[in-house]
Amino acid sequence: MHDSARAVTDAERAALAAADGPPALRFPYDATALVDEPLRTERLVLRPLEASHAADVFEYQRLPEVIRYLPWPERDREQAYEHTAKRAAGRVLAADGDYVVFAIMLAGEPSAGDERAGVDSVGRVIGDVMVRVSNTQHAQLEIGWVLHPDFQGRGYAREGAGALVDFTFSTLSPHRIQAFLDVRNGASAALCERLGMRREAIILEEEYNDGEWTDTAIYGILRREWAAARGQGRVRP
Ligand SMILES: CC(C)(COP(=O)(O)OP(=O)(O)OC[C@H]1O[C@@H](n2cnc3c(N)ncnc32)[C@H](O)[C@@H]1OP(=O)(O)O)[C@@H](O)C(=O)NCCC(=O)NCCS
């Protein structure tokens, strides 16, 4: 996708953008129905995050190597459970800043949460992916991800995030999806590339984290690029 994107001249791209038409987000969107009818991939189930997932989430949220490039402070168990409950409250996408977090569930893995007895049949939450509204007016959405290190290196993030990208474009119809990451986050950058996203910008010293100024990379993919990559040709909302 990168090579073909670079081969397009500015004039050609302007014509393609014009042909895409104006922003056409399918909002408001309520993800509550996905609790009972979750997204499914070959190996994973993506279900809107629930407060009852907190024990599994804590298993990765408490690890320094996981939060190193995330805007998450170190949290004790109580703080982490509160944080998960807050993230789980996001269900409706309608306005800038709204978000839905999806638990990445792996069947057959025992869950960390005793209180989740009976939920084991759907497996353990090994990570999560998120979609957030960057800009309603211009139909720009953001995605993000995190995976427990025990489950990294097996393609689960690619599978889960890929399903989220497909769901987001096909159901919500944004013009563009973007991701923001610490420029040093090589694993996340590689995931962006695997998803067909392009590095579009680096913002120098955008944030001050853990005692240092950090640079942010922005990756993006346009709706028509996603559609072309899927061999569907142009997809109009
Ligand atoms: C970013 C993050 C989700 C990427 O996870 P990941 O495990 O590297 O990504 P994937 O699940 O797509 O796995 C890809 C790797 O699995 C390998 N792999 C093994 N089996 C595979 C399979 N069946 N299918 C696909 N890939 C497979 C790939 O070759 C690749 O390995 P490589 O990196 O050595 O080339 C993870 O590093 C993370 O959670 N980091 C901490 C949180 C964070 O920083 N989040 C992002 C903030 S912007």
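Now for a description of the structure that goes with this document. Since the structure is predicted, the reported quantities are computational estimates derived from the model, not experimental observations.

Cut-off values and rules
Residues numbered from 1 in each chain as written. Predicted model: local features only at pLDDT ≥ 70, side-chain atom pairs only at ≥ 80, totals over all residues. Heavy atoms only, no water. Helix = DSSP H or I, 4+ residues; strand = E, 2+ residues; numbered from the N terminus. Rg over C-alpha atoms; globule rule 2.2 N^0.38 Å. Buried < 20%, exposed > 50% of the residue type's maximum accessible area, 1.4 Å probe, protein only. Contact = heavy atoms within 4.5 Å. Areas by Shrake-Rupley, 256 points an atom, 1.4 Å probe, with all protein chains shown as cover. Lys, Arg positive; Asp, Glu negative; His and termini not counted. Charge placed at Lys NZ, Arg CZ, Asp CG, Glu CD. Near = heavy atom within 4 Å. Polar contact = N/O pair within 3.5 Å; in protein donor to acceptor, adjacent residues only side chain to side chain. Nonpolar A, V, L, I, M, F, W, Y, C, P; charged D, E, K, R; others polar. Core = buried A, V, L, I, M, F, W, Y, C linked by side-chain atoms within 4.5 Å. Salt bridge = Lys/Arg side-chain N within 4 Å of Asp/Glu carboxyl O. Pairing = 2+ DSSP bridges. Right-handed = clockwise from strand over helix to strand, strands pointing away. Phe/Tyr/Trp six-rings, centres within 6.5 Å; stacked < 30°, edge-to-face > 60°. Axes fitted to C-alpha atoms, helices over the stretch in contact; angles between N-to-C directions.

1. Observations concerning the overall build of the protein
(1) Moving on: Scanning the protein for helices and strands turns up nine helices and ten strands.
(2) Moving on: Since a compact globule built from 237 residues should have a radius of gyration of about 18 Å, the 18 Å found for the protein is in line with a globular shape.
(3) Moving on: Viewed in the frame of its principal axes, the protein has a C-alpha envelope of about 60 × 45 × 35 Å.
(4) Moving on: Across the 237 residues in the protein, those meeting the buried criterion constitute 46%.
(5) Moving on: Considering only contacts in the protein between residues 6 or more positions apart, those separated by 24 or more positions represent 66%.
(6) Moving on: Counting only carbon and sulfur atoms, one obtains 50% of the accessible surface of the protein, whose full area is about 11700 Å².
(7) Moving on: One finds the centroid of the 28 positive side-chain charges in the protein at a distance of 5 Å from the centroid of its 37 negative side-chain charges.

2. Describing the site of the ligand
(1) Moving on: Near the ligand there are 20 residues, and of these W145, L147, G153, A157 and N185 occur at the shortest range.
(2) Moving on: Between the ligand and Q152 there is a distance of 3.4 Å, counted from an oxygen atom to a side-chain nitrogen or oxygen.
(3) Moving on: Between the ligand and the protein, one listed contact pairs an oxygen atom with a side-chain N or O atom of R194 at 3.0 Å.
(4) Moving on: Summarising the interface, the protein chains cover 66% of the accessible area of the ligand, which totals 960 Å² for the free molecule.
(5) Moving on: If you list the elements that add at least two residues to the shell around the ligand, you get β7 (140-147), α7 (156-172), β8 (176-182) and α8 (186-194).
(6) Moving on: In terms of residue count, the dominant contributor to the shell around the ligand is α8 (four residues).
(7) Moving on: Its residues assigned to classes, the shell around the ligand comprises eleven nonpolar, five polar and four charged.

3. Things to note about the nonpolar core
(1) Moving on: Counting residues in each nonpolar core, the largest one holds 44 residues, and the members touching the most others are F102, W145 and M197.
(2) Moving on: Ranked by residue count, the leading element in this core is α7, at eight residues.
(3) Moving on: With residues up to four places along the chain from it excluded, the contact list for W145 reads L70, D128, V129, A161, A179, S188, L191, C192, L195 and M197.

4. Observations regarding unusual backbone geometry
(1) Moving on: The residue after F27, namely P28, is reached through a cis peptide bond having omega -5°.
(2) Moving on: On the secondary structure map, P28 appears in the loop between α2 (10-20) and β1 (29-30).
(3) Moving on: Positioned with a positive phi, A139 is a non-glycine residue whose angle comes to about 60°.
(4) Moving on: Examined against the element boundaries, A139 turns out to sit in the loop between β6 (124-135) and β7.
(5) Moving on: Even without being a glycine, E205 presents a positive backbone phi close to 50°.

5. Some thoughts on the pattern of salt bridges
(1) Moving on: Using the criterion set out here, one finds eleven salt bridges in the structure.
(2) Moving on: Among the charged side chains, a network of salt bridges with common partners joins R176, R198, E200 and E225.

6. Looking at the pairing of β8
(1) Moving on: With six of seven residues buried, β8 lies mostly within the body of the structure.
(2) Moving on: In this structure, β7 lies alongside β8, joined through three bridges in parallel fashion. Bridged to Q140 within β8 is R176.
(3) Moving on: A crossover connection joins β7 to the parallel β8 through α7; in handedness this β-α-β unit is right-handed.
(4) Moving on: In this structure, β8 lies alongside strand β10 (residues 212-222), joined through seven bridges in antiparallel fashion. Across the sheet, the residue bridging to A179 is Y219, located in β10.

7. Quick word on the packing of aromatic side chains
(1) Moving on: Tallied over the full model, the rule gives five aromatic pairs.
(2) Moving on: Cluster of aromatic residues (ring-pair linked, three or more members): Y29, F102 and F167.

8. Notes on the sheet that holds β10
(1) Moving on: Judged by pairing direction, the sheet is mixed, and its eight strands sit side by side in the order β2-β3-β5-β6-β7-β8-β10-β9 without closing on themselves. Each edge of the open sheet is held by one strand with a lone partner, namely β2 (39-40) and β9 (198-209).
(2) Moving on: Summarising the sheet, strand β5 (residues 99-106) and β6 pair through eight bridges and their orientation is antiparallel. Paired with L106 across the strands is R124, a residue of β6.
(3) Moving on: On top of the sheet, helix α4 (residues 54-61) reaches β6 and β7; it is set at about 85° to β6, its chief contact.

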